[in-house]
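This is what each chain is made of:
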Amino acid sequence: MADRLRDLPRHAFTPHTVLDDKELRARIRAARNQGWCLVNQELEEGLISIEAPLKNRAGQTIAALNISGQANRTNAKVMQAQLLPALLQASQSISRLLASRRG
């Protein structure tokens, strides 16, 4: 992971964008461990989103499901409490379908 991150060009989209290698690696590890990721105003001011991976038969992440909202109307705690359970259920269901698919 360190080699990939080191070589990626980065710039801050907002004051919340994480650019520090150590912090970025920690957030990637946390997202992998918990099975989802929340991004709060890092891409655009006022935009908050929560994502869950879609995995293929080999267990590789091939895409993600995402729910976005306005940070001033839906904060991180609300996203996690009210939206994350359905998001995880949907991503797991789709991943099971992908894993059972032939071809």
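An account of the accompanying structure is given in this report. The numbers attached to residues start from 1 for each chain and follow its sequence in the written order. Since the coordinates come from a predicted model, pLDDT governs what is reported: local features require at least 70, and pairs of side-chain atoms require 80 or more to be given and counted, while whole-chain, interface and lining totals use all residues. Hydrogens and waters are ignored; side-chain quantities use all the structure's heavy atoms.

1. As for the overall build of the protein chain
Consideration 1: If you tally the helices and strands in the protein chain, you get three helices and three strands.
Consideration 2: For the protein chain, the sequential pattern of α-helices and β-strands runs α-α-β-β-β-α.
Consideration 3: Once the C-alpha set of the protein chain is aligned to its principal axes, its extents read approximately 45 × 35 × 20 Å.
Consideration 4: Per-residue burial over the protein chain gives 22% buried out of 103 residues.
Consideration 5: Split by element, the accessible area of the protein chain, about 7,400 Å² in all, is 52% carbon and sulfur.
Consideration 6: Asp and Glu are treated as the negative residues and Lys and Arg as the positive ones, with His and the ends of the chain left uncounted. Note on charges: their place is set at NZ of Lys, CZ of Arg, CG of Asp or CD of Glu. Separation of charge centres in the protein chain, based on 15 positive and 9 negative side chains, amounts to 12 Å. Secondary structure elements are taken from DSSP: a helix is a run of H or I of four residues or more, a strand is a run of E of two residues or more, and numbering for both begins at the N terminus. The buried label applies to any residue whose accessible area, calculated with a 1.4 Å probe on protein chains only, is under 20% of its type's maximum; exposed applies above 50%, and partly exposed to all values in between. Every accessible area reported is derived by Shrake-Rupley at a probe size of 1.4 Å, with residue values counting cover from the shown protein chains alone.

2. What to know about helix H3 (residues 76–100)
Consideration 1: Taking 1.5 Å of rise per residue, the 25 residues of H3 would be expected to cover 36 Å, and the 33 Å separating its terminal C-alpha atoms lies within 8% of that figure.
Consideration 2: We define the bend at each residue as the angle formed by axes fitted to the 7 residues ending at it and the 7 residues starting at it. Where H3 bends most, the angle comes to about 55 degrees, and this point is Leu83, followed within four residues by the proline Pro85.
Consideration 3: Ala76, Met79, Leu84, Leu87, Ser91 and Ser95 are the residues of H3 that are buried.
Consideration 4: Those residues of H3 that are buried lie in contact with strand S1 (37–40), strand S2 (47–55) and strand S3 (61–70).
Consideration 5: If you check the start of H3, you find a side-chain oxygen 3.0 Å away from the backbone N of Lys77, and it comes from Asn75. One less than the residue count of a helix, multiplied by 1.5 Å, gives the span that helix is expected to have. It only takes one pair of heavy atoms within 4.5 Å for two residues to be counted as in contact. N or O atoms closer than or at 3.5 Å make up a polar contact, with two conditions inside protein: a donor-capable atom paired with an acceptor-capable one, and, for residues adjacent in sequence, both atoms drawn from side chains.

3. Examining the pairing of S2
Consideration 1: If DSSP finds at least two bridges between two strands, the strands pair. Note that S1 and S2 share four bridges and pair antiparallel. Note on S2: the bridge partner recorded for Leu38 is Ile50.
Consideration 2: Across nine bridges, S2 lies against S3 in antiparallel orientation. Across the sheet, the residue bridging to Ala52 is Leu65, located in S3.

4. Describing the nonpolar core
Consideration 1: To define a nonpolar core, start from buried Ala, Val, Leu, Ile, Met, Phe, Trp, Tyr and Cys residues and group those joined through side-chain atoms within 4.5 Å. If you look at the biggest cluster of nonpolar residues, it comprises nine residues: Trp36, Ile48, Ile50, Ala52, Ala71, Ala76, Met79, Leu84 and Leu87.
Consideration 2: Mapped onto this core, the elements with two or more residues apiece are S2 and H3.
Consideration 3: The element contributing the most residues to this core is H3, with four residues.

Taken by themselves, the reported measurements are silent on function.
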